[in-house]
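Chain by chain, the residues run as shown.
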Amino acid sequence: AQYLTGFPYPEITVRHLLAHTSGLPNTDELFGPLLQKDSLRQYTNKDIIPALKSFGKSLHFKAGDKFEYSITNYSILALLIERKSGFSFRNYMEQFIFRPAKMLNSEILNADFDYDQRYARKYDRPIHYVDTLRPIELVKQLKRFTFNWVGFQGPGNMASTVHDMLAFDQALYNGKLIGERSMEQMFTPNRLNDGSIPYRRSGIDQAAYGLGWFIFKDTSGGKVVWHSGGIPGMNTFMLRNLDKKQFIFVTDNAENPPIAPELYIILSGKKFTRPRSLARLYVHALVSRGADYAAAILGQHQTDSRFSLNEGELNFLGIELMRNGQLPLALDVFRTNTMLFPRSFNVFDSYAEALMKAGKKEEAIMMYRRSLEINPANESGKKALQILLGSN
């Protein structure tokens, strides 16, 4: 608040922003309602403080009490850099990061940026049970990522290459960008107001957050720092073993799972295999060749250690089938899920919802009752059951 006129939360410090402990709302919460009023507007960092002033809500928590990732923090940090340096954030990055690090193919994107053939096109998977990709700029519901919010700088909207990110890594650890003391602060887990370090499960290990970097708790193979990022059609993962001087950078433009942590395991000399998804294989077989073939596939691989079967993924694929107008196939998936995971209230709840859509009220009532037997606190199931009973 000392540097940014009108910033409405004077208790928030630079460290709170860097460590994601500010309690500020994320972009969706802050700008989602504004997009409903004007879907043709492009927003930039200059819109953030006015949006916060008109937000009308308190912080999610007292600054410093919790860790909660919010990209709003880093947009405000970019505004602060502009205020303190006199450069635009784009020009500041060019002069003080990209040039010293010899990142010759990197730039911060502006709201009016127009992609050309130099840039990878972004794709998503509209249907996860088939191998179909679609360019995200054609998806109306993703317009906020491809148009409305491309002007937010600081947390993202940077174009680069694998080779440039290697150059960044070398420049950072060779002292060309910041000093040793600053680097030590970046890679030290941040403590909350009560003195605790908030560790949380992050893939292969628990991780805390420093200043701009996640830090794995397990240091038996060396101290490992990393950061991931993603928007529809793009994900990245950068990992560095500080002790062994190992660097991994992975980027993908088709929403595949990032493999950097698994590569780190392999670099550590440990065996690693990623099981194939039996849920996806089963649903793919169901769609392409029918229920009998899908059941045979399931029976063939159910005890095969090369495959993993996840209740939540199978349920998600069933919901996706239902939403895509393939209700009979969705019923097959939900029915199978109840037999595979008979102690899960959620699979019975989803099956009941599909049965209700299919007009099979008696069967839906039975499934909702079974869901409530397993979890009496399933409030949505109670309401649905009351509606069904009231209509009989």
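The shown structure was predicted, so the numbers you read here are calculated from the model rather than taken from an experiment.

1. Description of the packing of aromatic side chains
Alright, step 1. Under the criterion given, the structure shown has 16 aromatic pairs.
Alright, step 2. Seen in terms of ring centroids, F87 and F96 are 5.5 Å apart; in terms of plane orientation they differ by 85°. Their pairing is edge-to-face.
Alright, step 3. Exposure remark for F96: the relative accessible area of 34% places this residue in the partly exposed category.
Alright, step 4. Aromatic ring contacts, followed pair by pair, group F67, Y69, Y209, F214, F216, W226 and F237 into a single cluster.
Alright, step 5. Positioned over the ring face of Y199 is K217, at 4.8 Å from the centre of the ring.

2. Structural notes on helix α10 (residues 278-289)
Alright, step 1. The end-to-end C-alpha distance of α10 is 16 Å, a good match for the 16 Å that 12 residues give at a rise of 1.5 Å each.
Alright, step 2. Within α10 the residues assigned to the buried category are L278, A279, Y282, V283, A285 and L286. Burial along α10 is one-sided: seen end-on, the buried residues are contained in an arc of 155°.
Alright, step 3. Considering only its buried residues, α10 is in contact with β11 (276-277), α11 (291-301), β12 (307-308), α12 (311-323) and α13 (327-340).
Alright, step 4. Sitting at the amino-terminal end of α10 is S277, which places a side-chain oxygen 3.0 Å from the backbone nitrogen of R280.
Alright, step 5. At the exit of α10 stands G290, carrying a positive phi of roughly 100°.

3. Overview of the layout of surface pockets
Alright, step 1. Approximately 690 Å³ is the volume found for the second largest pocket.
Alright, step 2. In terms of lining, the second largest pocket is formed by 23 residues, of which the most central are N256, P257, S277, R280 and E313.
Alright, step 3. Per-element tally for the lining of the second largest pocket: the top contributor is α10, with five residues.

4. Observations concerning the packing of α10 against α12
Alright, step 1. It is at 9 Å that the axes of α10 and α12 come closest, and there the two elements cross at 30°. Taken together, the axis directions place α10 and α12 in an arrangement best described as roughly parallel. By crossing handedness, the relation of α10 to α12 is classed as right-handed. On α12, the residues touching A279, R280, Y282, V283 and V287 of α10 are E313, L314, L317 and L321.
Alright, step 2. When grouped by side-chain class, the residues that make up the contact of α10 with α12 number seven nonpolar, no polar and two charged.

5. Some points on the pattern of salt bridges
Alright, step 1. Summed over all chains, the structure comprises 13 salt bridges.
Alright, step 2. For E107, the salt bridge is made with R90, and the minimal N-O distance between the two is 3.0 Å. Remark: R90 occurs in helix α5 (residues 89-98) and E107 occurs in strand β1 (residues 107-108); sequence separation between them is 17 residues.
Alright, step 3. A salt bridge links R335 to D332, with the nearest nitrogen and oxygen atoms 2.7 Å apart. Highlighted residues: R335 and D332, both in helix α13, separated by three residues, approximately one helical turn.

6. Thoughts on the side chain of H20
Alright, step 1. Structurally, H20 is set in the loop between α1 (14-18) and α2 (27-37).
Alright, step 2. Side chain to side chain, H20 and N73 meet in a polar contact 2.9 Å long.
Alright, step 3. Every residue in contact with H20, bar those within four places of it in the chain, is listed here: K66, F67, E68, Y69, S70, N73, Y74 and Y209.

7. Let's talk about the pairing of strand β8 (residues 224-231)
Alright, step 1. The pairing of strand β7 (residues 214-216) with β8 spans two bridges and is antiparallel. Residue F214 lies in a different strand from β8, and its bridge partner there is W226.
Alright, step 2. Bridging between β8 and strand β9 (residues 234-241) involves eight bridges; their strand directions are antiparallel. When the bridges of β9 are listed, V224 appears paired with N241.

Reading the values: rules and limits
- Residues numbered from 1 in each chain as written.
- Predicted model: local features only at pLDDT ≥ 70, side-chain atom pairs only at ≥ 80, totals over all residues.
- Heavy atoms only, no water.
- Phe/Tyr/Trp six-rings, centres within 6.5 Å; stacked < 30°, edge-to-face > 60°.
- Buried < 20%, exposed > 50% of the residue type's maximum accessible area, 1.4 Å probe, protein only.
- Lys NZ or Arg CZ within 6 Å of the ring centre and 35° of its normal.
- Helix = DSSP H or I, 4+ residues; strand = E, 2+ residues; numbered from the N terminus.
- Expected span 1.5 Å × (residues − 1).
- Arc of directions from axis to C-beta.
- Contact = heavy atoms within 4.5 Å.
- Polar contact = N/O pair within 3.5 Å; in protein donor to acceptor, adjacent residues only side chain to side chain.
- 1 Å grid on protein atoms, 1.4 Å probe; cavity = no way out; pocket = protein on both sides within 12 Å on 5 of 7 lines; lining within 4 Å.
- Points joined across faces, edges and corners; volume = space filled by probe spheres on them.
- Axes fitted to C-alpha atoms, helices over the stretch in contact; angles between N-to-C directions.
- Parallel < 35°, antiparallel > 145°, perpendicular 65-115°, else oblique.
- Left-handed = near helix turned anticlockwise from the far one by under 90°.
- Nonpolar A, V, L, I, M, F, W, Y, C, P; charged D, E, K, R; others polar.
- Salt bridge = Lys/Arg side-chain N within 4 Å of Asp/Glu carboxyl O.
- Pairing = 2+ DSSP bridges.

The values are spatial; any link to function lies outside them.
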